[in-house]
Amino acid sequence: MNLTPLLEAHWINAILPELVLCIGGMFLILFDAFAPKARSLTGPIAVVIFILCAWSQRFVAVGTFFGGTYEVGGITRVFDITFVLAGILCTLLSADYLEREGITGGEFYALLMWGTVGMMMMAKGLDLLIIILGLELLSICIFVLLGFQRRLPVSNEASLKYFLMGAFATGFILYGTALFYGATESTNINVMARWFANPDVTITPLLTVAFVLLMAGFGFKLALAPFHPWAPDVYQGAPTPVAGWLSVAPKAATLIALIRIFHAMGPVLPQTKWMTIVAWLAVLSMIIGNSVAIAQRDLKRMLAYSGIAQVGYMTIAMLTINEDAVASIAIYTIVYALMNLGAFGVISMLAKNQNDPQTLDDIAGLGWRRPFHALALAVCMFSLSGLPPTGGFVSKFYIFRTAVQSGHTGIALIGIITSIASVYYYLRVVYYLYMKESAEGQTRIDGGIFATGALAISIIGIFLIGIWPTPLFHAASYAAHLLLAR
Amino acid sequence: MEQLTASMPLIVFVMIGTVAVASSILVVAMRNPVHSALFLLLTFLCVAVLFVMQKAEFVGAVQVLVYAGGIMVLFLFVVMLINVRHLPDERVLSNFWKGGFLVGLAVFALFVTMVRPGVYHDENPNKSKLSTVRDRVAINSTKNPGRLGHKRITRHNVNSEAVANALYTDYLVPFEVASLFLLVAMIGAIVIGKRELSAVEEETAPDYMLARVETEREIKEAMSA
């Protein structure tokens, strides 16, 4: 049989990063099983595998592979770097966290890696089938990672909640995809794009239903406003480094998949109300996320609501897909990964019963007891609220500028107002860090060398992007140009 | 003999169909869940045979592999694990059996009137695509003898081959991701359901966790006592 349409030249280079992570995960599990004495090494080995994966990006072949179902390009490289960065930070934070909580980590890191593979598939898939399978691969890793502390009721609750809600969301996505397949006769995004580009296309109610179903499913995965209620409970119960990873990486993967889908639908979007739906999701997310976060004293819940608002900002840029929009989303996800994982990292070091909430009182007066950790948390909070010398400011600026340039001034204004309101609860954390007296029997901060290293990476990254964003922005813009040039 | 061969499909259909219907009735009539499950398995197998007779080999094979192989084994495992040997002694027929019988009869009448022999799909262009395979085979070239040439052939009614062709060419990546997905699901299940903390791990565990392990142990002892 003729295999040429099946396997293009350099196909192995196209999936090299995924292969590295797949095999790395399997190796870790075997290592954990056959060398139980060296279990403390699994964390460092996982970091090495992630770095190998980042390094293998150098050899990646660019183009379309596997019969037009898999596209590797500049933008997927940018997002791959985000995923790997989130993976490395989470691994570094987990290394100390797992040891403190008495969990052995072989499977933990392996699941983290396979989840990353799922995200890479979502970013590169040109076929809705691949995107959905990648999403499911990711979801199943998340279910297990959330429930990793089997003895904690909150952890089990988080896992079960995400499982049930996630199953629903997947159902919606599959249903939407099936309807799109029925209408466009293909699940391939390029074929769908050609179908949508046909001027005779009429938008039937069926297509609108399909779009709404798709957005409901992806909205769940992004924790956009009407689909957000799972987020606070899940983040609260999850092992803290996992919560940080979950709040960052899957969202980035879902966003790039949505960018591809929206871009394919581009020609018909002006004659539909579809983007109005998305705009409402963004506005609701920003308002609900920011206003509820003000009332939260539990740090993880507060960050969950702040995450809902942050996704709202990113969704603003999705309303009109152009080069600037894609570039600003790419930059936002990188910065968001740095600052949110940094914030969750400091919380993960609070050595208390993980079944109890980690509240603002636990970090009171931390600035005088553990200056470095307090500084890291403060920098992340400044960046999340979008204050100038940090990366958070730059990324938010790009997002709002793109929105205004595309003519979504009103929504951008809502974004700016709500993000000003958000400064209150972000800076309240800084207030507790430095202006509050620490009480007797205060919660210990328990961070080893790995976690401290992760925080250092976050701080350096946040300031580097904040002060000197031009190279990153140029790279992202060029990658976005290549993506949209087709 | 000739006549027998010609009527063979009908004979097989009647036999298999009878077994299928009888065993599906027995599924609900048996008192022992294990027996019910086994009769369900028999029903699935009979339906698979019916699929094959309709030239849907692929669906038949999937029926055997997925339903008979996978789901039924799962059923049996669960039934045996929770150790339900007998249902509580209740009457097989409830008080509402007359109403139920009427509803069943109505549905049966509906199917009999709606489902008639005939062609059940439009003759659309996709139909031929799904059941034919175009292939190139090597033949001895007629023009220059001694060299191999190629000849295009088209084969019909090979639907499993057509499915395989699509699965391993256009949908190769989804297929491979699905296999990774199964591996991850398996390992995830083991992680969620594996043994308790071992003594070695307890040494490094924090105090509040040891306390919780202790409580769990006490609860367990109280339960078993």
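Calculation rules
Going along each chain's sequence as written, the residues are numbered from 1 onward. The order in which chains are written sets their letters, starting at A; the order in which ligands are written sets their numbers, starting at 1. In view of the model being predicted, local features appear only for residues whose pLDDT reaches at least 70, and side-chain atom pairs are presented and counted only at 80 or more, with totals across whole chains, interfaces and linings using the full set of residues. Only hydrogens and water are set aside; all other atoms, that is, all heavy atoms of the structure, feed into the side-chain values. Numbering of helices and strands starts at the N terminus; helices are DSSP runs of H or I of at least 4 residues and strands are runs of E of at least 2. Put simply, the radius of gyration uses C-alpha atoms, and a globule should come to 2.2 Å times the residue count raised to 0.38. By definition in these notes, contact holds between two residues if any of their heavy atoms fall within 4.5 Å. The accessible surface values rely on the Shrake-Rupley method and a 1.4 Å probe; as for residues, cover is taken only from the protein chains in view. Charge assignment in this entry is limited to Lys and Arg as positive and Asp and Glu as negative, and neither His nor the chain termini are counted. Every charge is mapped to an atom, namely NZ of Lys, CZ of Arg, CG of Asp or CD of Glu. Under the convention used throughout, the expected extent of a helix is 1.5 Å for every residue step, that is, one less than its residue count. Exposure classes here rest on a 1.4 Å probe applied to the protein chains alone. A residue is buried below 20% of its type maximum, exposed above 50%, and partly exposed in between. The term disulfide is used for any two cysteine sulfur atoms that are within 2.5 Å. What pLDDT reports is the predictor's confidence in each residue, on a scale of 0 through 100. We define a polar contact as two N or O atoms separated by no more than 3.5 Å, with the added condition that, inside protein, one atom must be a possible hydrogen donor and the other a possible acceptor, whereas residues neighbouring each other in sequence contribute only through side-chain atom pairs. Any Lys or Arg side-chain nitrogen located within 4 Å of an Asp or Glu carboxyl oxygen qualifies as a salt bridge.

Topic: the overall build of chain A
So, step 1. Each helix and strand counted, chain A has 21 helices and four strands in total.
So, step 2. In summary, chain A has a C-alpha radius of gyration of 22 Å against a globular reference of 23 Å for 486 residues, a match within 12%.
So, step 3. Counting only C-alpha atoms, chain A reaches 75 × 55 × 40 Å along its principal axes.
So, step 4. Contacts in chain A between residues far apart in sequence, at least 24 positions, make up 81% of those at least 6 positions apart.
So, step 5. Surface accessibility of chain A: about 16,700 Å² in total, with carbon and sulfur atoms responsible for 70%.
So, step 6. Within chain A, one finds 26 positive and 24 negative side-chain charges whose respective centroids are separated by 3 Å.

Here we look at helix H9 (residues 205–222) of chain A
Working note: α-helix, 3.6 residues per turn, so residues spaced by three or four point in the same direction.
All names here are of chain A.
So, step 1. Between the first and last C-alpha of H9 there are 25 Å, a value that for 18 residues agrees with the 26 Å anticipated at 1.5 Å per step.
So, step 2. Of all 18 residues in H9, 13 are buried, a share of seventy percent or more.
So, step 3. Within two residues after H9, Ala223 carries a phi angle of roughly 60°, on the positive side.

A few points about the state of the cysteines
All names here are of chain A.
So, step 1. Following the criterion strictly, the structure yields zero disulfides over all chains and no others.
So, step 2. The thiol of Cys22 is unpaired, and the distance to the nearest cysteine sulfur, on Cys141, comes to 9.9 Å.
So, step 3. Using a relative accessible area of 12% as the deciding quantity, one classes Cys22 as buried.
So, step 4. Cysteine Cys90 is unpaired, with the sulfur of Cys141 as its nearest cysteine sulfur at 12 Å.

Notes on the confidence of the model for chain B
Residue and element names in this part refer to chain B.
So, step 1. Chain-level pLDDT for chain B is 74 on average; 65% of the residues reach the 70-or-more range.
So, step 2. Across chain B, helix H2 (residues 8–29) holds the top mean pLDDT of 90, while helix H9 (residues 199–204) sits lowest at 49.
So, step 3. Long-range and interchain partners of residues 121–125, a stretch whose pLDDT sits below 50, account for one contact in this model, where long-range means more than four residues apart.
So, step 4. Predicted complex, confidence summary: ipTM 0.86, pTM 0.81.

Concerning the environment of Leu387 of chain A
All names here are of chain A.
So, step 1. Residue placement: Leu387 occurs in the loop between helix H17 (371–385) and helix H18 (391–405).
So, step 2. Given the relative accessible area of 26%, Leu387 is considered partly exposed.
So, step 3. Between the alpha carbons of Leu387 and Ile420 there is a distance of 9.8 Å; along the sequence they are 33 residues apart.
So, step 4. Beyond its immediate chain neighbours, meaning those up to four positions away, Leu387 contacts Phe382, Phe393 and Leu427.

Observations concerning the environment of Val59 of chain B
So, step 1. Within the secondary structure, Val59 of chain B is located in helix H4 (residues 57–81).
So, step 2. In sequence terms Val59 of chain B and Ser7 of chain B are 52 residues apart; their C-alpha atoms lie 24 Å from each other.

Regarding the side chain of Ser155 of chain A
All names here are of chain A.
So, step 1. Here Ser155 lies in helix H7 (residues 153–184).
So, step 2. Residue Ser155 is classed as buried on the basis of its relative accessible area, which comes to 0%.
So, step 3. Here the side chain of Ser155 touches Gln149 through a polar contact of 3.5 Å, landing on its backbone oxygen.
So, step 4. In this structure Ser155 touches Leu146, Gly147, Phe148, Gln149, Gly237 and Pro239, once residues within four positions along its chain are discounted.

Some remarks on the pattern of salt bridges
Residues and elements named next belong to chain A.
So, step 1. Counted by the stated rule, this structure contains eight salt bridges over all chains.
So, step 2. Put simply, Asp80 and Lys124 hold a salt bridge, and the shortest N to O gap is 2.8 Å. Linking Asp80 in helix H4 (residues 74–101) with Lys124 in helix H5 (residues 106–124), this pair joins segments that are 44 residues apart in sequence.
So, step 3. A salt bridge links Glu101 to Arg100; its shortest N-O distance comes to 3.7 Å. The pair Glu101 / Arg100 is uniform in exposure class, with both members buried.
So, step 4. One connected set of salt bridges, linked through shared partners, spans Glu157, Lys161, Asp233 and Arg301.

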